[in-house]
Amino acid sequence: MGIHHYFKSLSDMEKLYRCPGKFKYNEHTVAAHSFKVTKIAQFLGTVEEHHGKMVNWKNLYEKALNHDYPEIFTGDIKTPVKYASSELNRLFSEVEEEMAHRFVQAEFPEEYQSIYLARFKEGKDRSLEGNILSVADKIDLLYESFGEIQKGNPEPIFLEIYQEALSTILKFREMTSVAFFLEKVLPDMLAEKFIPHSELSKITENLIAASK
């Protein structure tokens, strides 16, 4: 019992694979995803700060590092399923939050419980840091799906994931960091050589045009 179980569970995150049940050329763990999202969020926050926004770095890092920890209790749920409806997504979030709540109450010393209950809550709120997390999470998902598409993975779900991730990123296009990503980073991604180049480029162009 206690913090030992929490520290041990961090290694369990290395055994949780994203998008389970589908053929993938590259496996990605929840632990690796959390690290990449934190690094992406750091860059996006740097862009925002450079252009005059006040970034609460402590808040941003805590949100990014902890955003998928509750998946230790539920496993990763494929994006098209999780976001099939707002109600379904809300229910998934409630289950994760309740299980994290029980874990904290059972394993953490009482004086630290309120701190960790806050850290394990949904971090994608309407704050600047919450918005950066939302974008960083989807950028990593975009790269995961792009990597499979680039290698010619025949599973159609990766095109669906790519579309969903880009659609979400475009909802935040008024952010300076997102504008930077769309103007400077995404074109470099699409310029790389891969098999279904024309199809993915067309999907990307259509989504961007529709979001304007």
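See the structure shown above.
This text gives an overview of the structure that appears in the document.

Scoring rules and cut-offs
Residues numbered from 1 in each chain as written. Predicted model: local features only at pLDDT ≥ 70, side-chain atom pairs only at ≥ 80, totals over all residues. Heavy atoms only, no water. Axes fitted to C-alpha atoms, helices over the stretch in contact; angles between N-to-C directions. Helix = DSSP H or I, 4+ residues; strand = E, 2+ residues; numbered from the N terminus. Left-handed = near helix turned anticlockwise from the far one by under 90°. Contact = heavy atoms within 4.5 Å. Phe/Tyr/Trp six-rings, centres within 6.5 Å; stacked < 30°, edge-to-face > 60°. Buried < 20%, exposed > 50% of the residue type's maximum accessible area, 1.4 Å probe, protein only. Lys NZ or Arg CZ within 6 Å of the ring centre and 35° of its normal.

Before going further, it helps to examine the packing of helix α3 (residues 57-66) against helix α8 (residues 128-150). In the contact formed by α3 and α8, the axes pass within 9 Å of each other and the chain directions differ by 35°. Between α3 and α8 the crossing geometry is right-handed. On α8, the residues that touch Asn59, Leu60, Lys63 and Ala64 of α3 are Glu129, Gly130, Ile132 and Leu133.

Looking now at the packing of aromatic side chains. In the structure shown here, the tally under the stated rule is 14 aromatic pairs. Ring geometry for Tyr6 versus Phe108: centroids 5.1 Å apart, planes at 55°, classification tilted. In this pair, Tyr6 sits in helix α1 (residues 3-12) while Phe108 sits in the loop between α6 (86-107) and α7 (110-119), placing the two residues 102 residues apart along the sequence. Exposure class is identical for Tyr6 and Phe108. Each is buried. On the basis of an interplanar angle of 20° and a centroid distance of 4.7 Å, the ring pair of Tyr69 and Phe120 is categorised as stacked. With Tyr69 in the loop between α3 and α4 (71-74) and Phe120 in the loop between α7 and α8, this pair connects stretches of sequence that are 51 residues apart. Look at Tyr69 and you get buried, because its relative accessible area is 2%. An aromatic cluster is present here, built from Tyr6, Phe7, Tyr69, Phe73, Phe103, Phe108, Tyr116 and Phe120 joined pairwise through their rings. Its end group placed over the ring of Tyr116, Arg119 keeps NZ or CZ at 4.9 Å from the ring centre.

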